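Chain by chain, the residues run as shown.
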Amino acid sequence: MSADAWPEIQSTKLDAARRQLETAISLLFAGGDAISTHTLAFAAFGILKDVAADRCSKNVLAVAEALAAAGKKGEFWKGFNRAGNFFKHADRDPDAVILGMPEEENEALISIALSVYDGLGCIKSVELQAFSLWWSSINFEGIDDVKEPFVSWLTANHGRLHADTRSELLELGQELLHLLNSQSAAGHVRNDA
């Protein structure tokens, strides 16, 4: 076999985290496997958390810390890490079964990872932009510096943001991702928006 048949991978830690998040977002919006989505997002969060800690970016991790109830930080992290560690390790409990992990945890995990990613000053790809805009829209959070084609998408879909089912909301995310990807391919979306 030629050397070209087996290319070598080169990546920084932040590039790996970005790529894991992009794949997790694509899986999420496409209705892909929830465990794979969680595993990718959890791995990306782990990298980002470690980079933030190494850079002494304590304010970057404050987003996740703020989600923990006052005085119950340890309980928050135990719950937060439960599924990710279950999918990652089997040394102590090879026959265990996880119960009670709502798939919606994936959206929250991706959102927290993106908050750390943003705090590190990283430029967002189209997938990361699409998720951030979608997450803010369905949670009715303020969005700074809104641009086309998002404005048109938001105007056309404002009534759908109150969807009754998670699948309808994920479908909206998939539509937004396709729109931003097509605009990016046409050169109309900046990667740092």
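Residues numbered from 1 in each chain as written. Predicted model: local features only at pLDDT ≥ 70, side-chain atom pairs only at ≥ 80, totals over all residues. Heavy atoms only, no water.

## Notes on the overall build of the protein chain
Step number 1: Along its length, the protein chain carries eight helices and zero strands.
Step number 2: Taken from N to C terminus, the helices and strands of the protein chain fall in the order α-α-α-α-α-α-α-α.
Step number 3: Sorting the 193 residues of the protein chain into buried and exposed places 36% on the buried side.
Step number 4: Across the protein chain, contacts joining residues at least 24 apart in sequence account for 64% of those joining residues at least 6 apart.
Step number 5: Working note: accessible area of the protein chain is about 11,300 Å², and carbon and sulfur atoms make up 54% of it. (Helix = DSSP H or I, 4+ residues; strand = E, 2+ residues; numbered from the N terminus. Buried < 20%, exposed > 50% of the residue type's maximum accessible area, 1.4 Å probe, protein only. Contact = heavy atoms within 4.5 Å. Areas by Shrake-Rupley, 256 points an atom, 1.4 Å probe, with all protein chains shown as cover.)

## Thoughts on the packing of aromatic side chains
Step number 1: All told, the structure shown has five aromatic pairs when counted by the stated rule.
Step number 2: Aromatic pair Phe 29 and Phe 131: ring centres 6.2 Å apart, planes at 25 degrees, arrangement stacked. Of this pair, Phe 29 sits in helix α1 (residues 13-29) while Phe 131 sits in helix α6 (residues 126-138); the two residues are 102 residues apart in sequence, bridging distant segments of the chain.
Step number 3: With relative accessibility at 4%, the residue Phe 29 sits in the buried group.
Step number 4: Ring geometry for Phe 150 versus Trp 153: centroids 5.6 Å apart, planes at 25 degrees, classification stacked. Here Trp 153 and Phe 150 lie together in helix α7 (residues 150-157), a separation of three residues that amounts to about one turn. Considered together, Phe 150 and Trp 153 belong to a single accessibility category, that of buried residues.
Step number 5: Members of the aromatic cluster, joined through ring pairs, are Phe 29, Phe 131, Trp 134 and Trp 135. (Phe/Tyr/Trp six-rings, centres within 6.5 Å; stacked < 30°, edge-to-face > 60°.)

## Focus: the pattern of salt bridges
Step number 1: This model, assessed by the stated rule, comprises nine salt bridges.
Step number 2: Residue Arg 19 pairs with Asp 15 through a salt bridge whose shortest N-O separation is 3.6 Å. Here Asp 15 and Arg 19 lie together in helix α1, a separation of four residues that amounts to about one turn.
Step number 3: Relative accessible area serves as the criterion here: at 40%, Arg 19 is assigned to the partly exposed category.
Step number 4: Between Asp 118 and Lys 124 there is a salt bridge, with its nearest N and O atoms 3.3 Å apart. (Salt bridge = Lys/Arg side-chain N within 4 Å of Asp/Glu carboxyl O.)

## Re the side chain of Glu 22
Step number 1: Take Glu 22: it is sitting in helix α1.
Step number 2: The class of Glu 22 is buried, set by a relative accessible area of 14%.
Step number 3: Other than its neighbours up to four places away in sequence, Glu 22 contacts Ser 125, Glu 127 and Leu 128.

## Brief notes about α7
Step number 1: Among all positions in α7, only Phe 150, Trp 153 and Asn 157 are buried. Along the axis of α7, the buried positions cluster into a sector of 65 degrees, meaning they face one direction only. With respect to the buried face of α7, the exposed residues turned more than 90 degrees away are Thr 155 and Ala 156.
Step number 2: Against the buried residues of α7 lie α6 and α8 (166-185). (Arc of directions from axis to C-beta.)

## Some thoughts on the confidence of the model for the protein chain
Step number 1: Confidence in the prediction for the protein chain averages 83 pLDDT; 83% of positions are at 70 or higher.
Step number 2: The secondary structure element of the protein chain with the lowest average pLDDT is helix α3 (residues 58-67), at 60, and the one with the highest is α1, at 96.
Step number 3: With pLDDT under 50 throughout, residues 189-193 is counted as low confidence; its partners more than four residues away or in other chains account for 18 contacts. (pLDDT = per-residue confidence, 0-100.)

## Re the packing of α1 against helix α2 (residues 34-54)
Step number 1: The contact between α1 and α2 brings their axes to 8 Å, and the two run at 155 degrees. By the angle between their axes, α1 is roughly antiparallel relative to α2. The interaxial crossing formed by α1 with α2 has left-handed handedness. Of the residues in α2, those in contact with Lys 13, Leu 14, Ala 16, Ala 17, Gln 20, Leu 21, Thr 23, Ala 24, Leu 27 and Leu 28 of α1 are Ser 36, Thr 37, Leu 40, Ala 41, Ala 43, Ala 44, Ile 47, Leu 48 and Val 51.
Step number 2: Of the residues belonging to the contact of α1 with α2, the class tally is 14 nonpolar, four polar and one charged. (Axes fitted to C-alpha atoms, helices over the stretch in contact; angles between N-to-C directions. Parallel < 35°, antiparallel > 145°, perpendicular 65-115°, else oblique. Left-handed = near helix turned anticlockwise from the far one by under 90°. Nonpolar A, V, L, I, M, F, W, Y, C, P; charged D, E, K, R; others polar.)

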